[in-house]
Amino acid sequence: MTDVAESALPPIPADAEEGLALSAAIGSIWTGSRLLIGACSFLYAAFAFTFFYLRSLNSYGRWHPKAQHPSLLIGTAATVALVAAALLHYYGLSRLRHGLNLDWRVAGIASLGLGLLSAGLQIYQLTRLNFFPGSSGYASVFVGWVPVHVVLLLGALYWLETLVARSLRVRNAWHGQGDLGGSVTPEATRLRASLDAFNYFFVFLSLVGVAFWFLFYVID
Amino acid sequence: MAVDMSNAVGLDVPAAEQVPGSPGELPPGRRRGFRLPSALGPGIPRALVFAALGYLFGHWIGNLIAAGYSQVTNSGSNNAAIILGYLFGTVGWIGGMGVLTYPLTKMTGREELLAPQRSVGPGRYFRYTLDHKVVGIQYMVGMIVYFLTAGLLALAIRTELLSPTNHVFGPGVYIEVVGEHGTMMMMMMTSVIVGPFGNFLVPLMIGARRMAFPRLEALSFWLTPAAYIILLSSLWLGGFPTGWTGYAPLSVQAGRGMDAYVAAFGVMAISIILAGFNIVVTVINLRAPGMTWGRLPVFVWGVMTTSFLMVLATPVLFGALYMLGLDRTIQTSFFTDTLGGSSYLWENLFWFFGHPEVYILALPGFAIVLEMLPVFCRKPIFAQKVAIAGMVGVSALSFFVWQHHLFDSGINPDMRPLFMLTTELISIPTGFIFLVGMGTLWKARIRLTVPMMFAMGFFFNFLLGGISGVFLSDVPADTTAHGTFFVMAHFHYTIMGGLIFAFFGGLYYWLPKMTGRSMNHRLGKWNFIAMFVFFNSTFLPLFAVGELGQPRRVFEYAKRLQTLNDWVSISAFLLGFAILLFVINLVWSMIIKPVRSPENPWHSRGLEWQTTSPPPPGNFDRIPIILAGPYEYGKPDALPMSDLVSRTSPVAAAAATDSERTI
Amino acid sequence: MAAATERRDGIRILGVWLVLSAIFMPIVYFVWGPHLPPGGMSDQAAGQRFDNRVLGVVATPVVLLVCTFLVYALLFWRQTGEEIEDGPYITNKVKFSGWWVGLTTFTVLCLAVFGTYELENNNGAGTGSGPRPIFAASGPMLPVQVIAQQWRFTFRYPTYGGMETTSLMIPQNEEIQFNVTSLDVIHSFWAYQLGVKADANPGVNNIAFVKALHTGKFNILCAELCGLWHGAMTANGQVMSQASFDSWATQTEAQEAPVTKLLPKYSTVYSPDEAGAGGNYYGSQYPVNP
Ligand SMILES: [Cu+2]
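**A closer look at the overall build of chain B**
Per the secondary structure count, chain B includes 21 helices and 0 strands. Accessible surface, chain B as shown: approximately 19,300 Å² in total, 71% of it carbon and sulfur.

**Focus on the coordination of the copper ion**
Residue and element names in this part refer to chain C. Each protein donor to the copper ion is listed here as His 187 (ND1), Cys 222 (SG), Cys 226 (SG) and Met 233 (SD); together their distances run 2.1 to 2.5 Å. Each of the 4 donor atoms around the copper ion contributes to a set of angles spanning 90 to 128°, which defines the coordination as tetrahedral. Note on His 187: relative accessible area 0%, which makes it buried. Assessed through its relative accessible area of 1%, Cys 222 is described here as buried.

**Describing the interface of chain B and chain C**
Taken together, the contact between chain B and chain C spans 96 residues of the former and 100 residues of the latter. Roughly 8,400 Å² of surface becomes buried between chain B and chain C when both sides are summed, with 66% attributable to carbon and sulfur atoms. Summed over the shared surface of chain B and chain C, the number is 3 salt bridges. Of the charged contacts, one joins Asp9(C) and Lys443(B) as a salt bridge, the two residues approaching to 2.5 Å between their closest N and O atoms. Where chain B touches chain C, the interface holds 27 residue pairs in polar contact (both at pLDDT 80 or more).

**Description of the pairing of strand E1 (residues 141-149) of chain C**
The buried fraction of E1(C) amounts to 7 of the 9 residues, a majority that puts the element mostly inside the structure. Adjacent in sequence and paired antiparallel, E1(C) and strand E2 (residues 152-157) of chain C are bridged by 2 residues.

**Structural notes on the sheet that holds strand E9 (residues 216-222) of chain C**
Residue and element names in this part refer to chain C. If you trace the 5 strands from one edge of the open sheet to the other, you get E4-E10-E9-E6-E7, paired in mixed fashion. For this open sheet the edge positions go to strand E4 (168-171) and strand E7 (196-200), each flanked by a neighbour on one side alone. On average, each strand axis in the sheet is inclined to that of its neighbour by 20°, with strand direction left out of account. Running over the sheet, helix H4 (residues 242-262) touches E4 and strand E10 (234-240) and is turned about 135° from E4.

**Quick notes on the domain arrangement of chain C**
Residues and elements named next belong to chain C. According to the domain assignment, chain C contains domain 1 (2-75 + 110-121) and domain 2 (142-260). Using C-alpha coordinates to define each centre, domain 1 is positioned 36 Å away from domain 2. Every contact between the two is made by 9 residues of domain 1 and, on the other side, 15 residues of domain 2. Across the domain 1 to domain 2 interface the summed buried area is about 880 Å²; carbon plus sulfur atoms make up 56%. Here domain 1 and domain 2 share 0 salt bridges between them. Applying the counting criterion to the domain 1 and domain 2 interface returns 7 residue pairs in polar contact (both at pLDDT 80 or more). Per-class residue counts for the side of domain 1 that touches domain 2 are 4 nonpolar, 4 polar and 1 charged.

**Considering the sheet that holds strand E5 (residues 175-182) of chain C**
All names here are of chain C. With mixed pairing, 5 strands are arranged side by side in an open sheet as E3-E2-E1-E5-E8. Of all the strands in the sheet, the pair left with one neighbour each is strand E3 (163-165) and strand E8 (206-211). Direction aside, the axes of adjacent strands within the sheet are offset by 30° on average. Inspection of the sheet shows E1 paired to E2 by 5 bridges, in the antiparallel sense. Paired with Gln 149 across the strands is Arg 152, a residue of E2.

**As for the pattern of salt bridges**
Oppositely charged side chains can form a pair if their charged atoms are brought close together. Evaluation of the coordinates by the stated rule reveals 13 salt bridges over all chains. We note a salt bridge from Arg97(A) to Asp196(A), for which the minimum N-O separation is 2.5 Å. Taken as a pair, Arg97(A) in helix H3 (residues 72-97) and Asp196(A) in helix H7 (residues 186-219) lie far apart in primary sequence, 99 residues in all. Under the relative-accessibility criterion, Asp196(A) is labelled partly exposed at 31%. Ionic pairing is found between Arg622(B) and Asp643(B), a salt bridge with its closest N-O pair at 3.0 Å. Within this pair, whereas Arg622(B) is found in the loop between helix H20 (562-592) and helix H21 (650-662), its partner Asp643(B) is found in the loop between H20 and H21, the two being separated by 21 residues in sequence. On the accessibility criterion, Arg622(B) (14% relative accessible area) is buried. Residue class for Asp643(B) comes out buried when judged on its relative accessible area of 3%. Within the structure, one salt-bridge network assembled from shared partners comprises Arg166(A), Glu187(A) and Arg190(A).

**Quick look at the interface of chain A and chain B**
Chain A puts 59 residues into the contact, and the matching count from chain B is 68 residues. Carbon and sulfur atoms supply 71% of the area buried between chain A and chain B, which totals about 5,200 Å² over both sides. On inspection of chain A and its partner chain B, the count reaches 1 salt bridge. Here Glu17(A) ties to Arg209(B) by a salt bridge, and the two come within 2.7 Å at their closest N and O atoms. Here chain A and chain B share 14 residue pairs in polar contact (both at pLDDT 80 or more) between them. At the level of elements, helix H1 (2-7), helix H2 (16-57), helix H5 (137-169) and H7 of chain A are the ones that each hand at least two residues to the side of chain A that touches chain B.

**A look at the packing of helix H12 (residues 343-377) of chain B against helix H18 (residues 485-515) of chain B**
Residue and element names in this part refer to chain B. Across the interface, H12 lies against H18 with an axial gap of 9 Å and an inter-helix angle of 45°. If you check the angle between H12 and H18, you find them oblique. Handedness of the crossing formed by H12 with H18: left-handed. For the pair formed by H12 and H18, the contact residues are Leu 361, Pro 364, Gly 365, Ile 368, Val 369, Glu 371, Met 372, Val 375 and Phe 376 on the first element and Ile 495, Leu 499, Ala 502, Gly 505, Gly 506, Tyr 509 and Trp 510 on the second. Classifying every residue of the contact of H12 with H18 by side-chain character gives 12 nonpolar, 3 polar and 1 charged.

Rules used in this analysis
Residues numbered from 1 in each chain as written. Chains lettered and ligands numbered in written order. Predicted model: local features only at pLDDT ≥ 70, side-chain atom pairs only at ≥ 80, totals over all residues. Heavy atoms only, no water. Helix = DSSP H or I, 4+ residues; strand = E, 2+ residues; numbered from the N terminus. Areas by Shrake-Rupley, 256 points an atom, 1.4 Å probe, with all protein chains shown as cover. Donors = N, O, S within 2.8 Å, 3.2 Å for Na, K, Ca; no water. Tetrahedral: all angles 85-135°; square planar, octahedral: opposite > 155°, others 65-115°. Buried < 20%, exposed > 50% of the residue type's maximum accessible area, 1.4 Å probe, protein only. Contact = heavy atoms within 4.5 Å. Buried area = accessible area lost by both parts, 1.4 Å probe. Salt bridge = Lys/Arg side-chain N within 4 Å of Asp/Glu carboxyl O. Polar contact = N/O pair within 3.5 Å; in protein donor to acceptor, adjacent residues only side chain to side chain. Pairing = 2+ DSSP bridges. Axes fitted to C-alpha atoms, helices over the stretch in contact; angles between N-to-C directions. Domains from an automatic or database assignment. Nonpolar A, V, L, I, M, F, W, Y, C, P; charged D, E, K, R; others polar. Parallel < 35°, antiparallel > 145°, perpendicular 65-115°, else oblique. Left-handed = near helix turned anticlockwise from the far one by under 90°.

Next comes the structure, spelled out in structure tokens:
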């Protein structure tokens, strides 16, 4: 019994545990963000299903009376702002990979602003509808979907804000070691993993925004 | 979700001072900055105050918004105020528990110093504690409270059904009780294994010190008391008349109590998503070196597949509840056909969640039973890959069967053969579980301990539950059975007879691990026998009751069915006593007269038994290296599961003597 | 030696199982089967009973196999006492697993094919099949509308001037087409002895068919939770001979004519007006009746 165990691998030294913990943390961030996208996809899918289901049933011909339409201008502007925010962050992140820390910080803050603009526009649009929430199937789906999208967007912006705040706070401490983009400390590695994960999620949200823009304004 | 993405080791805390198992936490003495007096600090008293304030605030907001709408102000009930009250109350509750401190601090870019403290002593069970073992115990107690409450409601139902025409409650209270029972049980059953055992055991079984997202884990627990209180508060608002399925448009039409259903189920949905999310990520990423997918215990496989279903299916429920909430508050028309909605929409969305949900309730039962079988058979699990394939197959198929709940609803009649096929296909992976169970029992050295009894009971009950499901999947046979006590008996056989038997077996099996104390075996034996006999005597006749023409959720029924119903009611009361035996055993053996359990009472090879009971804060002295699978019983040259047992600890000594005896 | 005991165990289990199955399968089919619900009052009920019999016969050996195995294992492979002994190291028997998977798959596919066949022939016709059912019932068909509302059923006969009754009368040996709809929430029209169950959805015409074979009374219940008095939502039904149905119908039509005049025009679905059930919820800004 004892010799069996002794012939096996030597036990993990205590200092190797930190490495294990780090790779587990980075893996968790990766898996977590993908799983988050999965969960959100199912939530959005519930709305997409509702859209197409009610549209195909068209009960009492009240799927979508033509006069009822949210403002195309505001809706498009909100979607464009969201896509721009995501693209900007995506671009900033690729600059960060080249070691350009300031670029990411600027892109991150700008993206935060654009995201808030998009959320604000969507809320504003809700206050300027020419129909009541229950006027039609379309009206219900629209009025129901926008707050969900706004809340998830605000959640993503909260995430972005914590990343930006963190990167600003550690700016001086990590300056000598290559800063956010280049530092090899576990903390910096983890923060970069979180950035990557956020990037994926943000791109996902913007794609959802575009998809539902098509539903609401093109397909009807 | 996003809140917790970068939670691990803190920058400013020297590694030596970090409490093992939860990196980033300081010992209480080293906390910096302003500290509140302890009476105002995070905890249940503050949470209750914040919850009350939150409720009032939400209520006020709701009334403010609706003030301009005569439609609402004249109706006597402002549903928006009630739902917002519940939501802000929940936020206040978790804020009072201290959940929000970390995410708010994080916005300033500081992320670890104000993390909630690990505390020792019994107080930690009443706080927002990040240790997965504490959360596991909290969940266990919480889910037992849920179970007993909903069980008492079940007895109330059976009391009303003692007579076909004389009423104890009358239709109004009866329908409220039915709804409360169903909803509370469903909310609880979803987390009853993943919550207590998943949280407590998964890190121990995969050789990790902690969960991937301990804050989400603790939050997922602390949402459950909120959901419990909200759901019960529905009685005060007049209850809800829809049962747990909440079919629209009845749920749109219903009174204020329905808002509590929406809010409670919604809060619980978030809890379920978080719990499952955490477990999936943990199992994928935190396995110890050498813990390959092939060596992963079946229990972990089962909990992980369940968690996948929880993460993916529950958002659809959340979406549906949200739409229902909107229909009830701002008068959207998702479910009103005259305004472009459809009553079918709710049925589709609800059951798209609801059927994976059914397997969320079945898979953990499989997992527990298959985990215990090899230990008490002293044999390797039979065809482990088939077992895993069975669980994965059930999970995947469960997304494609939901319309079998709607065979006679008139939705997509042409699709019925397809859904009949997918539904019956599910019997194949379910059959895998029976194959694995029977293969493991084959020529085994069966030790009929209390957990093993529950496992055997599980197989029998689940067999009847599964077989009756085949009748329901066949459209013509379903025509009579649908919506009757037959269905009700069917899912009680799978949930109560399956999942709860597995849960009780798991408690008898793992409580020594979780607490270091063992349950009384003699009482446990009587607990099992009474439960098994009275469970079957309660629910077997209900198949007949349903087939003989009694619909579900009725307070009156045909006189000719009184004998059967009375038999069932009396058995149900006796079943209540059987569960009382369990409670007595639990309180007696855990609290009043605790008996120290041996370190490895079942002589299991499992990794969770290779540390002390209860495990120390960091679970293991060091991260183990996994050397072999967990079920290598009867293999003379088998390595121990990890390198932990070679050392001279009491556990190792016990394990060593065991294996010497075995070999 | 080990191999010999193994074969004995296997053969013993197999033997007991076969004997039990040989005893119980005929009992289920021939003795119990004819008494299985929902009886034989209609073509559809008899079809469902046939399905129950077949499924019962298929289920019997499955239940018996698992039970035999569990009992045998607990009787013969049980270990008592303090001494702990390990069992044989068997991780899989591929041939056995393969047979198991193959047989369960085969059984399940057979059941699915059987179920589909039964559904598409007349046996599934008692189930609500939506507004455009695929069943083409032959012969003359009597349409009867079932209107569910909280908490009662009423029945309209469009071929008899659209008269509305509170109990359901149908003739024997004639195809009946039930058009089931609801005025408020979801109900389910369940004529127990006829083997008919169809959800009543607002705004939906859910069609089910039945052909009654015997005269007699039957019960109608609501099988979908519809609120406070769901448990008391029942009605009476009766299958009459052709002749007595005709005389009942013509007589009732004449007798009810003044009432029928006041009813809404017969239609497959009805939308309640604002003062009716479900009305008043949406405000006057909404066009409830488009
Ligand atoms: Cu009803």
